[in-house]
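Examining the three-dimensional arrangement
Read off the chains here:
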Number of protein chains: 4
Amino acid sequence: MTFKTRIKDIRESKWFSNLTTGIILFYAAALGFKTIDKVAEPYGLLFYSIDMFITVYFLVEIIIKIYAEKSIKDFFKSGWNIFDFVIVVITLIPLENSSFAAIARLMRIFRVLRLLNARPELKKIIDMLIGAIPAIVDIVILMFIIFYIYAIVGNFFFEELKSGLWKDFLTAMLTLFRVLTFEDWTDVMYEAMELYSWAWIYFVSFVIIAAFVFFNLFVAVIIDEMQKINSEHTDEQLNREEEKIDLLLEKVSQMQEEIRELKKLKT
Amino acid sequence: MTFKTRIKDIRESKWFSNLTTGIILFYAAALGFKTIDKVAEPYGLLFYSIDMFITVYFLVEIIIKIYAEKSIKDFFKSGWNIFDFVIVVITLIPLENSSFAAIARLMRIFRVLRLLNARPELKKIIDMLIGAIPAIVDIVILMFIIFYIYAIVGNFFFEELKSGLWKDFLTAMLTLFRVLTFEDWTDVMYEAMELYSWAWIYFVSFVIIAAFVFFNLFVAVIIDEMQKINSEHTDEQLNREEEKIDLLLEKVSQMQEEIRELKKLKT
Amino acid sequence: MTFKTRIKDIRESKWFSNLTTGIILFYAAALGFKTIDKVAEPYGLLFYSIDMFITVYFLVEIIIKIYAEKSIKDFFKSGWNIFDFVIVVITLIPLENSSFAAIARLMRIFRVLRLLNARPELKKIIDMLIGAIPAIVDIVILMFIIFYIYAIVGNFFFEELKSGLWKDFLTAMLTLFRVLTFEDWTDVMYEAMELYSWAWIYFVSFVIIAAFVFFNLFVAVIIDEMQKINSEHTDEQLNREEEKIDLLLEKVSQMQEEIRELKKLKT
Amino acid sequence: MTFKTRIKDIRESKWFSNLTTGIILFYAAALGFKTIDKVAEPYGLLFYSIDMFITVYFLVEIIIKIYAEKSIKDFFKSGWNIFDFVIVVITLIPLENSSFAAIARLMRIFRVLRLLNARPELKKIIDMLIGAIPAIVDIVILMFIIFYIYAIVGNFFFEELKSGLWKDFLTAMLTLFRVLTFEDWTDVMYEAMELYSWAWIYFVSFVIIAAFVFFNLFVAVIIDEMQKINSEHTDEQLNREEEKIDLLLEKVSQMQEEIRELKKLKT
């Protein structure tokens, strides 16, 4: 058993992936505790050591993974591997004392995203979520057009309001997003109604139109998913049945022919 | 190749529709930027030029589209063409210095709606949305009756409240719409409860009834859509299968008849 | 043609039911306008006349409906007729100058409910809504148990809070209903957290549990409705198909028997 | 009829379970009324007696249930029985005058949970709710990762904000949960935007991502449930049909063989 096969065995083994998962979770917890001031200060050295340990562990882990492949190229063929590699490398750069120190520290939380690579069910869900995007892209465009027109109209009429919620196009878009989540939307409306008493038409129509579009988006996605399942599942069986019935029809037709021949022979 | 066929080719060509889409998007962005005061003032002339250019481009585009048709009548047969034409013509009227200048400027955002005509998927979604209306029209009527009764009762009891949320029928309707979106509805309720301690019954019952009706509306629409798909899809196949089984039955019956005849001949 | 058949024709005629619908809608609009003070005062006499007219019209209408039946008993067999009758009679009682005048005036809005009797689609929706109740009654009970326990616990711990939101059991239930609608629920939570820092567990667990139960309620109702449709629709066809296949099997078995007899004769 | 069979009859009888249900409901109502100060004080003795009576009744009831079983072991085989037993025993401990008196009093509300054991439909719903957990466990993990990353980032940037909403990791998680319920989320955002004008990206992206994940969770659960029903219901019938068609095919093939033999005999 060569050294390479031994490394391969390690990479494939359940305990290695479980260890990595465990270490990521432990690290995630440590990052969480570090944010509590009472805990962070006295145990500063401990957190520093954990950080060092994780950096080294991740480095060793990725080297094992790369080494276990036939060539470095094979390793980089998987998108998830590239994702892992980038996270490991970025957190290696010594920025602790540079002006980017804060950003470097922040980058570390993306290490938690490596959990996605550890649990196949999560990868499946993410594939599902990405797969759901095309079904809704046109509704998003439509939503954008609605937002766009309302934002321009809102900015046109309500620009001078003291709250500054409509002061330019982008702010108006944000305000409309807020209205869409029903977050204190009547405050926005009542302020506008002081200037123009008809402003409630603007807000109520926006809420109804946006909600109606969302509602139909929902129904469309459910129906879409169901059609997929129907075509996959029941239809397969129905198709098999139909083929058998076709075969039956053929056989029966042949038989009928043969019986007729028999009859002819007889007479 | 006559001049007319050349114009026709332009109208049918992919680059022409893409160019129009691109110009609309560019114009939409420009309209957005124009709302930011810092940008709008120094670049006033630029925005004026863009406006001029768009007006001319749209005019040329619609002339091309009309000319490419056999007759002007054919052009106006499509609702979308009429929609385009009205938008182009309205923004042509020179109102810049009249008292309608502001409204004329606002009308321009409807040019963005021409995007709907450029992307067929959006037209499909809008057809779907319009198609969903009949399924919910009766629930909307029911909702209106609920709103109506609650508005009259609310106005009757809470008219004198300081907030003025129930001061007349229309305002009460608006307040109920607000309650339906759960927007600070308890503020409205607590104010009413200071006058009548039983007022919570009014609000809680409204929230539960309205939510229950909406909930069932949702379920009804999903079920309705699914039935449509079922009848289109699986049933078609089931019908085909049934026809084949009927044919089989007929053939087998014939065969049985023939075999009996054979037997009779024999004996 | 007797007088009675003429009355029957009127009751059955489309224009009569349309006229009633129209008058109800007109009356609903009048009731709405009456709530606006500016309109109500100068036109007091007009509104009084409308009221008189409606009362008389409804009386005549219900007399026609009763007279058109074979006997008075037949009229009262329909729940909707009793509903109509009660509304008409109640608004006949002369309470204008009694201490019940206000309540009598309020009763009139229930006349709008007669719209439900005029539009069959609305009756169908109401039947559907009532039909959906059994499917959710147990989830409502479960919801009540959750509310009950949280209300008692909330009252136990938070009774002394200044806001008085937990001062007794009923108030606590109302507060929990408010939390369920996410209405300023963090205000309630932050106040409680000042007393007990662990209070967020109470609120977050309530929100998650209640939302989870509601979520499943939703799914259960949709699934339930779908099963009904499946059993009504596709299954009917599948059952028919299966019967035919059974018939086929029987026939083919008979044929096989007969062929064997033929063969025996032969040899 | 021995004493034991008589006890068994009592346990099995409808009136005994109804009596228990009724007493639990009565007790629940009493607990509710007790929270109203005006009622609690003058009727203190009454509430004390009710409490005593319930404690004795529950004790007798559970002794009947245990005695009716063949052995004590059989009784403790059911999880619901253990649940009942623990609730009855815990409320027996005399803590009235100890420092745990308050907690002991609170424990009593769990007696209401015994209702779950009385109504089989509720047991079924709870089984359904528990059964729905595996289907969403991975989405909950994904949600947690999203919360985790946003909480760390939020704590990193907004830690110093006066509201203290981001002062440590746990508080940030709670704040994000609040944002997820749309509860005054713009207040949180506007405060953050005073420090960093780009903060709206953080909030809007969180709302959109979290809502999108939830949305798909919903669709996934509905689809999942539907697939179960499909496989249970229609497929069963389809499978039966297919078996019959297979049998038909076999029979027809045999027949064809036999007819060919007949023909051979003939010639």
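Residues numbered from 1 in each chain as written. Chains lettered and ligands numbered in written order. Predicted model: local features only at pLDDT ≥ 70, side-chain atom pairs only at ≥ 80, totals over all residues. Heavy atoms only, no water.

**With respect to the overall build of chain A**
Within chain A, the secondary structure is distributed over 13 helices and zero strands. At 32 Å, chain A has a C-alpha radius of gyration far larger than the 18 Å of a compact globule built from 267 residues. Projected onto its principal axes, the C-alpha coordinates of chain A cover approximately 110 × 80 × 30 Å. Counting all 267 residues of chain A, 48% fall into the buried class. Taking the contacts inside chain A whose residues are at least 6 apart along the sequence as the reference set, 62% of them involve residues at least 24 apart. Total accessible area on chain A stands at roughly 13,800 Å², and carbon and sulfur atoms take up 67% of it. The average position of the 29 basic charges and that of the 34 acidic charges among the side chains of chain A differ by 11 Å. (Helix = DSSP H or I, 4+ residues; strand = E, 2+ residues; numbered from the N terminus. Rg over C-alpha atoms; globule rule 2.2 N^0.38 Å. Buried < 20%, exposed > 50% of the residue type's maximum accessible area, 1.4 Å probe, protein only. Contact = heavy atoms within 4.5 Å. Areas by Shrake-Rupley, 256 points an atom, 1.4 Å probe, with all protein chains shown as cover. Lys, Arg positive; Asp, Glu negative; His and termini not counted. Charge placed at Lys NZ, Arg CZ, Asp CG, Glu CD.)

**Topic: the interface of chain B and chain A**
Tallying the contact residues gives 61 residues for chain B and 59 residues for chain A. Each partner contributes to the roughly 5,500 Å² buried at the junction of chain B and chain A, and carbon and sulfur atoms together form 73% of this total. At the boundary of chain B and chain A, one finds zero salt bridges. Along the contact surface separating chain B from chain A lie five residue pairs in polar contact (both at pLDDT 80 or more). If you list the elements that add at least two residues to the side of chain B that touches chain A, you get helix H2 (14–34), helix H7 (101–107), helix H8 (115–118), helix H9 (120–158), helix H10 (169–180), helix H12 (199–232) and helix H13 (234–266) of chain B. Ranked by the residues each element gives to the side of chain B that touches chain A, the list is headed by H13 of chain B, at 19 residues. Its residues placed into classes, the side of chain B that touches chain A shows 38 nonpolar, eight polar and 15 charged. (Buried area = accessible area lost by both parts, 1.4 Å probe. Salt bridge = Lys/Arg side-chain N within 4 Å of Asp/Glu carboxyl O. Polar contact = N/O pair within 3.5 Å; in protein donor to acceptor, adjacent residues only side chain to side chain. Nonpolar A, V, L, I, M, F, W, Y, C, P; charged D, E, K, R; others polar.)

**Examining the relation of the copies chain A and chain D**
Expressed as a screw transformation, the operator carrying chain A onto chain D has a rotation angle of 90° and an axial translation of 0.0 Å, and the superposed copies differ by an RMSD of 0.2 Å. The superposition operator between the copies reduces to a four-fold rotation axis. (Least-squares fit on C-alpha atoms with pLDDT ≥ 70 in both.)

**Side note on the nonpolar core**
Of all hydrophobic cores here, the largest spans 292 residues; its most connected members are Phe203 of chain A, Phe203 of chain B, Phe203 of chain C together with Phe203 of chain D. Sorting elements by how many residues they give to this core places H9 of chain B first, with 19 residues. With sequence-adjacent residues up to four places away left out, Phe203 of chain C is seen in contact with Phe158, Trp166, Val179, Trp185, Val188, Met189 and Ala192 of chain C. Grouped together as the second largest cluster of nonpolar side chains are 28 residues, Ile259 and Leu262 of chain A, Val252 of chain B together with Met255 of chain D included. (Core = buried A, V, L, I, M, F, W, Y, C linked by side-chain atoms within 4.5 Å.)

**Quick look at the packing of aromatic side chains**
Aromatic rings in a pair are described by how distant their centres are and how their planes are angled relative to each other. Taken as a whole, this structure holds 100 aromatic pairs over all chains when the rule is applied. With centroids separated by 5.3 Å and ring planes inclined at 85°, the aromatic side chains of Phe158 of chain B and Tyr202 of chain B adopt a geometry described as edge-to-face. In this pair, Phe158 of chain B is assigned in helix H9 and Tyr202 of chain B in helix H12, connecting sequence segments 44 residues apart. With respect to burial, Phe158 of chain B and Tyr202 of chain B carry one shared label: buried. Arranged with centres 5.0 Å apart and planes meeting at 90°, the rings of Phe76 of chain D and Phe85 of chain D form a pair that is edge-to-face. The exposure class assigned to Phe76 of chain D is partly exposed, which follows from its relative accessible area of 28%. (Phe/Tyr/Trp six-rings, centres within 6.5 Å; stacked < 30°, edge-to-face > 60°.)

**Quick word on the interface of chain A and chain D**
Think of interface size as the accessible area that goes away when the parts come together; that is how it is often given. Taken together, the 63 residues of chain A in the interface contact 59 residues of chain D. Carbon and sulfur atoms supply 73% of the area buried between chain A and chain D, which totals about 5,500 Å² over both sides. The tally of links from chain A across to chain D stands at zero salt bridges. Linking chain A to chain D there are five residue pairs in polar contact (both at pLDDT 80 or more). Each residue belonging to the side of chain A that touches chain D can be placed in one class, and the counts come to 40 nonpolar, eight polar and 15 charged.

**Looking at the pattern of salt bridges**
According to the stated counting rule, one finds eight salt bridges over all chains in the structure shown. With a shortest N-O distance of 3.3 Å, Glu61 of chain A and Lys65 of chain A are connected by a salt bridge. With Glu61 of chain A and Lys65 of chain A both in helix H4 (residues 44–68), this residue pair falls four residues apart, about one helical turn. Residue classification places Glu61 of chain A among the buried positions, given a relative accessible area of 2%. Close ionic contact of Asp74 of chain D with Lys77 of chain D constitutes a salt bridge, the shortest N to O distance being 3.3 Å. You can call Asp74 of chain D partly exposed: its relative accessible area is 26%. On the basis of relative accessible area, Lys77 of chain D is assigned to the exposed category, the value being 67%.

**Quick look at the environment of Leu142 of chain D**
Relative to the elements of secondary structure, Leu142 of chain D occurs in helix H9 (residues 120–158). Between the C-alpha atom of Leu142 of chain D and that of Val213 of chain D, which follows or precedes it by 71 residues, the distance is 8.5 Å. Sequence-distant contacts of Leu142 of chain D, that is, excluding residues within four places in its chain, are made with Leu116, Leu122, Ile125, Ile126 and Leu129 of chain A together with Val213 of chain D.

**Re helix H2 (residues 14–34) of chain D**
Relative to the 30 Å expected for 21 residues at 1.5 Å per residue, H2 of chain D spans 30 Å between its end C-alpha atoms, a close match to the ideal helical length. The set of residues buried in H2 of chain D consists of Phe16, Thr20, Ile23, Ile24, Tyr27, Ala28, Ala30, Leu31 and Gly32 of chain D. (Expected span 1.5 Å × (residues − 1).)

**Thoughts on the packing of helix H1 (residues 3–12) of chain D against helix H4 (residues 44–68) of chain D**
All names here are of chain D. At a closest axis distance of 9 Å, the pairing of H1 and H4 adopts a crossing angle of 120°. Considering the angle they form, H1 stands oblique to H4. Between H1 and H4 lies a crossing whose hand is left-handed. Residue-level inspection shows Phe3, Lys4, Ile7, Lys8 and Arg11 of H1 in contact with H4, the latter providing Ile64, Lys65, Tyr67 and Ala68. Its residues assigned to classes, the contact of H1 with H4 shows five nonpolar, no polar and four charged. (Axes fitted to C-alpha atoms, helices over the stretch in contact; angles between N-to-C directions. Parallel < 35°, antiparallel > 145°, perpendicular 65-115°, else oblique. Left-handed = near helix turned anticlockwise from the far one by under 90°.)

**With respect to the environment of Leu142 of chain A**
Under the relative-accessibility criterion, Leu142 of chain A is labelled buried at 6%. When the C-alpha positions of Leu142 of chain A and Ile63 of chain A are compared, they lie 47 Å apart, and in sequence the two are 79 residues distant. Setting aside chain neighbours within four positions, we find Leu142 of chain A in contact with Val213 of chain A together with Leu116, Leu122, Ile125, Ile126 and Leu129 of chain B.

**Quick word on unusual backbone geometry**
Residue and element names in this part refer to chain D. Although it is not a glycine, Phe182 adopts a positive phi angle of roughly 65°. Mapped onto the elements, Phe182 comes out in the loop between helix H10 (169–180) and helix H11 (185–195). Phe182 sits in the partly exposed class, given a relative accessible area of 30%. The phi angle at Asp184 is positive, at roughly 45°, despite the residue not being glycine. Structurally, Asp184 is set in the loop between H10 and H11.

**A look at a negative patch on the surface**
There is a patch of like negative charges on the surface, built from Asp187 of chain A, Asp187 of chain B, Asp187 of chain C together with Asp187 of chain D. Relative to the elements of secondary structure, Asp187 of chain B occurs in helix H11 (residues 185–195). (Patch = residues over 30% accessible without salt bridge, like charges linked within 9 Å, V, L, I, M, F, W, Y side chains within 5 Å.)

**Regarding the side chain of Thr181 of chain C**
Note that Thr181 of chain C resides in the loop between helix H10 (169–180) and helix H11 (185–195). Residue Thr181 of chain C is classed as buried on the basis of its relative accessible area of 8%. Among the polar contacts made by the side chain of Thr181 of chain C, one reaches the main-chain carbonyl oxygen of Arg178 of chain C at a distance of 2.8 Å. Aside from chain neighbours lying at most four places away, what touches Thr181 of chain C is Phe182 and Trp185 of chain B.

**A closer look at the environment of Gln254 of chain C**
Mapped onto the elements of the fold, Gln254 of chain C is located in helix H13 (residues 234–266). The residues contacting Gln254 of chain C, other than those within four sequence positions of it, are Gln256 and Arg260 of chain B.

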